[in-house]
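# Secondary and tertiary structure notes
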Amino acid sequence: MKPRSHKRLLLLALGLLACDVPQRPDNPYSQSLEILFGDGRGGVAGYRAVAAGDDSVCTGDFNSDGRMDVATVERSSGVQVFLASGAAGELAPSGILELSGGTRIRAGDLVGDGSLDLAVATSTGLAIFSGRGDGTFNPAPLLVSLGQGTDKVIGLVLADVDADGRLDAVVGFEQTGAWLCFNRGEGFEARRLSASSGVLGGMAVGDLDGDGMAEIALALQSRPARIEVFAHGEERLDAAATLWLPQPPVALVAGDFDGDGKLDLVAGMVSCEAMAERAYCSAPQLGFIRGLGRGSFDAPVLSQHALGSTAAADVNSDGKLDLVTGIAGEGLVRVLLGQGDGTFHEEKVYATAHDPRDLALADLDQDGTLDLIFATRQLGWF
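Reading the values: rules and limits
- Residues numbered from 1 in each chain as written.
- Predicted model: local features only at pLDDT ≥ 70, side-chain atom pairs only at ≥ 80, totals over all residues.
- Heavy atoms only, no water.
- Helix = DSSP H or I, 4+ residues; strand = E, 2+ residues; numbered from the N terminus.
- Buried < 20%, exposed > 50% of the residue type's maximum accessible area, 1.4 Å probe, protein only.
- Contact = heavy atoms within 4.5 Å.
- Areas by Shrake-Rupley, 256 points an atom, 1.4 Å probe, with all protein chains shown as cover.
- Pairing = 2+ DSSP bridges.
- Axes fitted to C-alpha atoms, helices over the stretch in contact; angles between N-to-C directions.
- Phe/Tyr/Trp six-rings, centres within 6.5 Å; stacked < 30°, edge-to-face > 60°.

### Observations concerning the overall build of the chain
Assigned secondary structure in the chain consists of 1 helix and 32 strands. Expressed as a percentage of its 382 residues, the buried residues of the chain come to 52%. Nonlocal contacts in the chain, meaning residues at least 24 apart in sequence, comprise 45% of its contacts between residues at least 6 apart. For the chain, the accessible surface area stands at approximately 16,000 Å², while carbon and sulfur atoms represent 49% of it.

As structure tokens, then:
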């Protein structure tokens, strides 16, 4: 298939021509989990592919055996659960939960009984499958209605936003913004964040002002590009800050990247303009936005890095926060090792067999180092 011009131009902007792509591993599955086993230094020590749902992935100990398990979701086939089995890092299919339209999945104890549950975001709302603690889940989910079902899910985050000891859910949609689903114990109360107009490019949740409660940051692409931060208090959400960006954001992650005890933000940005049926894209940028405490931030410090689906963790065990990102459209994984001051070493680039859609980080093989787990879909536009 002939590549579409706008994707080729975007890859030129990213510096990802075929000659720069590492050798791809073998993967016979068109929809899969691709696991890159970490070596403890930010590198890859092994690879495994498992046939699975390809829209989103999460991890957790679903059967309380002390080993990390995996769950995936695919919009037409539902949720698939894999339990750790046999040798370290091996996964065995455990069951399928029927659900239509699921595109993001996360695990957490939403019921409050000590067992992990599965939260799945769809274009119509949120579905929660309660876990039984033995690797199985109630097949009849609790459904929380959000919107009219015509929008694309950008993100799903589980966090205790109102500091009541129960996990809440934040669901972000591309065109209609974000919803906060308060966990009331007996059910969920959904409220839409009153963000100003703009296409949502990413979202992050964390205690950004040091008050012990989580804030919600929405990265908006519409001009002017910006990040709007919402603080929770007294049963309502109020806009707390607006951070201006030089380019439209496509990813957002929160973490203490400079080691000062205050949460920072990192935004991935790229600008594309449609002209004569083509898209012309600028070079991608990473913006490090230093958190100063009490909800204030420095202006973005820019560097030339591309971000896609991104997670932050210390992957090389040096006490400094790193970034792992999957680049959609070309099947690449980038590892950006943090230097502890908000900057990153030269990135390490690895290839997946297929297109990374979502990722999770967990120690699947129990060697004390984080592994990189991607939900991938077969590359088909070449």
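Back to the text.
### A few points about the sheet that holds strand 6 (residues 91-97)
Pairing within the open sheet is antiparallel, and its 4 strands lie in the order 3-4-5-6. Among the strands making up the open sheet, the edge pair consists of strand 3 (56-60) and strand 6. Going across the sheet, the axis of each strand differs from the next one's by a mean of 20°, ignoring polarity. Note: strand 3 against strand 4 (residues 69-74), 5 bridges, orientation antiparallel. Opposite Ser56, over in strand 4, you have Val73 as the bridge partner.

### As for the side chain of Thr103
With respect to the helices, strands and loops of the structure, Thr103 is situated in strand 7 (residues 102-108). Accessibility expressed as a relative area gives 10% for Thr103, which makes it buried. Excluding residues that lie within four positions of it along the chain, Thr103 makes contacts with Asp55, Ser56, Val73, Arg75, Ala121 and Val153.

### Some points on the pairing of strand 5 (residues 78-84)
The element strand 5 is extensively covered by neighbouring structure, given that 7 of its 7 residues are classed as buried. Direction of pairing for strand 4 relative to strand 5: antiparallel, over a ladder of 5 bridges. Bridging from a neighbouring strand, Thr72 pairs with Gln80 of strand 5. The pairing of strand 5 with strand 6 spans 6 bridges and is antiparallel. When the bridges of strand 6 are listed, Phe82 appears paired with Pro93.

### A short note on the pairing of strand 13 (residues 177-183)
Within strand 13, 7 of the 7 residues are buried, which leaves the element mostly enclosed by the surrounding structure. Relative to strand 13, strand 12 (residues 168-173) runs antiparallel, the two sharing 5 bridges. Residue Val170 lies in a different strand from strand 13, and its bridge partner there is Leu180. As consecutive antiparallel partners, strand 12 and strand 13 are separated by 3 residues. The pairing of strand 13 with strand 14 (residues 188-192) spans 5 bridges and is antiparallel. Across the sheet, residue Leu180 finds its bridge partner in strand 14, namely Arg191. Between the end of strand 13 and the start of strand 14, which pair antiparallel, lie 4 residues, with Gly185 showing a positive phi angle near 90°.

### A short note on the environment of Ala178
Locating Ala178 in the fold gives a position in strand 13. Among the residues examined, Ala178 registers a relative accessible area of 0% and is labelled buried. Contact partners of Ala178, with chain neighbours within four places excluded, come to Val171, Gly172, Arg191, Arg192, Leu193 and Leu218.

### Quick look at the packing of aromatic side chains
Throughout the structure, instances matching the rule amount to 2 aromatic pairs. Seen from their ring centres, Phe62 and Phe137 are 5.6 Å apart, and the 75° between their planes marks the pair as edge-to-face. Within this pair, whereas Phe62 is found in the loop between strand 3 and strand 4, its partner Phe137 is found in the loop between strand 9 (125-129) and strand 10 (142-145), the two being separated by 75 residues in sequence. Like Phe62, the residue Phe137 is buried in the burial classification. Ring centres of Phe257 and Phe344 lie 6.0 Å apart, and the angle between their planes is 65°; on these two criteria the pair is classed as edge-to-face. Taken together, the positions of Phe257 in the loop between strand 19 (249-255) and strand 20 (264-269) and Phe344 in the loop between strand 29 (332-336) and strand 30 (348-351) put the pair 87 residues apart, joining distant regions of the chain. Classification of Phe257 as buried rests on a relative accessible area of 3%. Looking at Phe344, the relative accessible area reads 10%, which means it is buried.

### Quick word on unusual backbone geometry
Note the cis peptide between Arg223 and Pro224, where omega equals -5°. Tracing the chain through its elements places Pro224 in the loop between strand 16 (215-220) and strand 17 (226-233). With a phi angle near 55°, Arg294 is a residue other than glycine that sits in the positive phi range. Considering the arrangement of structural elements, one finds Arg294 in the loop between strand 24 (291-293) and strand 25 (296-297). Of the residues examined, Arg294 reaches a relative accessible area of 81% and is grouped as exposed. Although it is not a glycine, Gln366 sits at a positive phi angle of roughly 55°.

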